[in-house]
Amino acid sequence: VPTTAQVPGTTVAAAGTTPPSPPPAMIELDAHGLDSATDLRVSASLWIDGRGEVWSVGPEAELFPASNQKLLTAAGAYELLETNLRFTTSVVAVDRHGGVDLYLVAGGDPERRLDDLSGLAQQTAAAVASRPVRAVHVDATRFEPHRVAPGWQDWHIPTYTGPLSAFVLDDNRWSTEPDYLSDPALGNARRFIELLVDAGVAIADSDPSHASPPADHRLVATHESSSVGELIVTMLRRSDNEIAESIVREIDVRRGGVGSTRAGLEHIVGQLAQAGVRLGGTNGDGSGLSRANRRSARQWQEFLVDIRDRPWFSEFLATLPVAGQSGTLANRLRGPVTTGRVRAKTGTIIGGRALSGYITTPTGPAVFSITVNGDRSHDALAAIDAVVAEFAGLEW
C-alpha cells in the first residue's frame, strides 16, 4: 500500500497528525482510468466531518463544472428569493374604438407548457367575450434581451436548451426555425394567437408585435408558475437548464436590475460571500452550459461545507438527487454501500462530467466533489461512481 507521499496529487489535511492509510479510492484512481497520464483532467476532493479534507487529486484545477453550476444557482435562490414566489404571466386589455388590444406580459415563468398557454387563452376569451381583438402584443422586457448566456456555444441551442427569454413555452425548444430561435417571445405569442382563435376570439391582426401595455390597461387573465421552492427541486433533480437561467435573471430583477444573467450571478456571489460561504472560480451562467464557468473540486467542497450553516440547508439537501432512488441519480450508484446514502448533483456537458455532494459514511458525514474534463470524459461516469462508492465505504 503506497503512502500518501507516493500518490501524486493527493493531500491529507490533518496537520500535526500521522496520515492514515490511504483509502482504496486513492489506490484505484489509475485503474479507473482517471490518472494524470491520460488526456483527462481531474479535480477531486473528499472532506470528512471532524477531519477536514482527507484526500484530493488536482484539487485546485478549475474545470468546467457542467450542471454542478446549478448548486450555486440553488443557493442563490434560497438566499435571495422567497421560496413561495411564483412567476406570473398576465394578459391585459386596453379598450380601443372598435375593440380591444391585448398585451401578453411575460413574467419569466420557465416551465410553461402548451396546456398552460391554452388555459390562459381560454381565460382571455371568456373575459373579452364577443368584443373583437384588434391586435396582440407581447411584453418580454422583464429580462434582458440576450438569447444566450456568456460562454454559450452556438450548438447549445436548441440541443441542450432553448434561447433565453422572459416568455418561455415548452423550454423554447418546440421550434428549430431560425426566426423562432432569434425571437422566441414573438414565436410563442403566435401560438397564443392561434389558441385564442381556437377559443372563438376574432382577431383583426394575427401578427403579434413587441410592446408594453399603457397605463390604462385592465387585467383579463393570469397564470402562475410553480413556486420557486418547487422549481429548485425540478432544477436539481432533472437538471433543468431553463429554470436555472430564469432564476438567475429573476434574482437581478428582484435587486432592481434588468434581468441580467451576469448581474444575477454577481448578486449570488456577493450574498454568499457576505454570509461567509467560500466560493472561488468564475461564472458564466446558472445552468452549467457556459464555457466561462470554472471551479475546482476543492472550491466546490468548501462551498458545500460552508452552506451547511445556512438556515435553508436542510431544504436544499432534501432537493438533491439521491443515489439509486431519485432524479439524475435514480439509475446510478445503486450498490448497497451507496443507495440512499449519497445526495449529489450530476454534471454532463460535452467535454465534462462532474458529481458533487454529500455522503453518509461509516465514519460520519462527508462532502465530495469530482470533476473530469477532456474529450474522453463521457467515458468517466463509471469511474466517478466507483470512486464515490469507495468513499461511501470508508471506515477510518
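Residues numbered from 1 in each chain as written. Predicted model: local features only at pLDDT ≥ 70, side-chain atom pairs only at ≥ 80, totals over all residues. Heavy atoms only, no water.

## Considering the overall build of the protein
Part 1 of the argument: In terms of helices and strands, the protein carries 11 helices and 10 strands.
Part 2 of the argument: Along the first, second and third principal axes, the C-alpha atoms of the protein reach 85 × 40 × 35 Å.
Part 3 of the argument: When each of the 396 residues of the protein is scored for burial, the buried share is 56%.
Part 4 of the argument: A separation of at least 24 residues holds for 68% of the contacts in the protein among residues at least 6 apart in sequence.
Part 5 of the argument: Just so you have it, the protein exposes about 15,700 Å², and 49% of that area is on carbon and sulfur atoms.
Part 6 of the argument: Looking at charge distribution, the protein has the averaged site of its 35 positive side-chain charges lying 2 Å from that of its 47 negative ones. (Helix = DSSP H or I, 4+ residues; strand = E, 2+ residues; numbered from the N terminus. Buried < 20%, exposed > 50% of the residue type's maximum accessible area, 1.4 Å probe, protein only. Contact = heavy atoms within 4.5 Å. Areas by Shrake-Rupley, 256 points an atom, 1.4 Å probe, with all protein chains shown as cover. Lys, Arg positive; Asp, Glu negative; His and termini not counted. Charge placed at Lys NZ, Arg CZ, Asp CG, Glu CD.)

## Details of the environment of P365
Part 1 of the argument: For P365, the position within the fold is in strand β10 (residues 365-373).
Part 2 of the argument: Distance in space between the C-alpha atoms of P365 and W47 is 8.7 Å, their sequence separation being 318 residues.
Part 3 of the argument: Look past the residues within four positions of P365 in its chain and what remains in contact with it is W47, I48, D49, R308 and I359.

## Focus on the sheet that holds strand β7 (residues 218-227)
Part 1 of the argument: The mixed open sheet is built from five strands, whose spatial order is β6-β5-β4-β3-β7. In this open sheet, the two edge strands, each paired with only one partner strand, are β6 (209-210) and β7.
Part 2 of the argument: Where strand β3 (residues 86-96) and β7 come together, seven bridges link them in antiparallel fashion. When the bridges of β7 are listed, S90 appears paired with T222. (Pairing = 2+ DSSP bridges.)

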